[in-house]
Amino acid sequence: GVTGVGTVLSGFVNCGQAAKGDTLYIGPLKDATFMKTVVKSIHVAQTAVDEVWAGHSACFAVSLSKAQRRMLSRKGMVMQKEPLEEPAIAFTGEICLAKGDAVTMVKGQTQTTMHILHLKQTCKLDDFEIIDARGMSTSGADQKTVLRRGQ
C-alpha cells in the first residue's frame, strides 16, 4: 500500500465509468471469485478526479483489509461493477499466432503470453491446429512445428 493512502490499484479503464465511492469487484482470485471493495479516491496523471471513463489510465485507492491485499497476487485481474458468476479459466478460440523475424517453435503444451485489449496474460496452448498457406490442416499437438521467417 501507499503510506497514508492504503491500497492503490492502477490500470486502464476499458469500458464504462467509475466514480469515487463506487462499489467495485476485483478478480478473478485464485478460486475464481471476486472480492468487493469501495473506491476511496481516483487519480489521473497525478491529479485527483471524481470519476473516470473508458480511455483513461487511472490509479484507484480502494478499501481492502490486509488479508484481502494478500489475495491480489497476480497481474491480469480486473475491477468491474458486477462480479462474474462463472469466469472462464479455459476457453476454446480461434487465435492467430503473430511472430516477428525470430524463429518461433510451437509444440504441444506451448506456453505464451496472450494480449487481449490492454491485458496481458500468460496462457498455455493445450491443443492447436496449424493451417499452412495452402489451407492444409495438421494437428499441432502431435508434432513439433518450427515457424521461420518467410513461412
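Residues numbered from 1 in each chain as written. Predicted model: local features only at pLDDT ≥ 70, side-chain atom pairs only at ≥ 80, totals over all residues. Heavy atoms only, no water.

## Topic: the overall build of the protein chain
Our working definition: Secondary structure elements follow DSSP: runs of H or I no shorter than four residues count as helices, runs of E no shorter than two count as strands, and numbering proceeds from the N terminus. We call a residue buried when its accessible area falls under 20% of the maximum for its residue type, exposed when it is over 50%, and partly exposed in between, using a 1.4 Å probe and counting protein chains only. The Shrake-Rupley method, run with a 1.4 Å probe sphere, supplies the accessible areas, and residue values consider only the shown protein chains as cover.
Helices and strands together make up the secondary structure of the protein chain, namely one helix and 14 strands. Looking at the protein chain as a whole, 21% of its 151 residues qualify as buried. Total accessible area on the protein chain is roughly 11100 Å²; 52% of this is exposed by carbon and sulfur atoms.

## Here we look at the nonpolar core
Selection rule: By nonpolar core we mean a set of buried residues, namely Ala, Val, Leu, Ile, Met, Phe, Trp, Tyr and Cys, connected to one another through side-chain atoms within 4.5 Å. The criterion used for residue contact is that any of the two residues' heavy atoms lie within 4.5 Å.
The biggest cluster of nonpolar side chains holds 16 residues, and the ones touching the most others in it are Ile 26, Ile 42, Val 52, Ala 58 and Phe 60. At the level of elements, β3 (23-27), β4 (35-44) and β7 (57-62) are the ones that each hand at least two residues to this core. The dominant element in this core, judged by the number of residues it contributes, is β4, at four residues. Residues within four places of Val 52 in sequence aside, it is in contact with Val 13, Gln 17, Ala 18, Ile 42, Val 44, Ala 58 and Phe 60.

## With respect to the pattern of salt bridges
Basically, it comes down to this: For this document, the term salt bridge refers to a Lys or Arg side-chain nitrogen within 4 Å of an Asp or Glu carboxyl oxygen.
All chains considered together, the criterion is met by one salt bridge. One salt bridge in this structure joins Asp 22 and Lys 81, with 3.0 Å as the shortest N-O distance. Placement of the pair is Asp 22 in the loop between β2 (17-19) and β3 and Lys 81 in the loop between β8 (78-80) and β9 (104-106), with a sequence separation of 59 residues. Assessed through its relative accessible area of 41%, Lys 81 is described here as partly exposed.

## Points about unusual backbone geometry
The omega torsion across Gly 27 and Pro 28 is -5°, close enough to zero to call that bond cis. As for its position among the elements, Pro 28 is in the loop between β3 and β4. A positive phi is found at Ala 45, a non-glycine position, where the angle reads about 50°. Within the fold, Ala 45 resides in the loop between β4 and β5 (47-49). Positive phi, normally seen in glycine, also occurs at Gln 46, with a value near 60°. Mapping Gln 46 onto the fold places it in the loop between β4 and β5.

## Notes on the side chain of Asp 22
Going by this rule: Contacts described as polar in this section are N or O atom pairs within 3.5 Å, which, within protein, must combine one atom able to donate a hydrogen with one able to accept it, while residues neighboring in sequence count only if both atoms come from side chains.
By relative accessible area, Asp 22 is classed as buried at 18%. Within the local environment of Asp 22, its side chain forms a polar contact with the side chain of Lys 81, the two groups lying 3.0 Å apart. Setting aside its immediate chain neighbours within four residues, Asp 22 contacts Thr 37, Val 38, Val 39 and Lys 81.

## Comments concerning the side chain of Thr 7
Looking at where Thr 7 falls in the secondary structure, it is placed in strand β1 (residues 7-12). The buried category is assigned to Thr 7, whose relative accessible area is 6%. A polar side-chain atom of Thr 7 sits 3.5 Å from a polar atom in the side chain of Arg 69.

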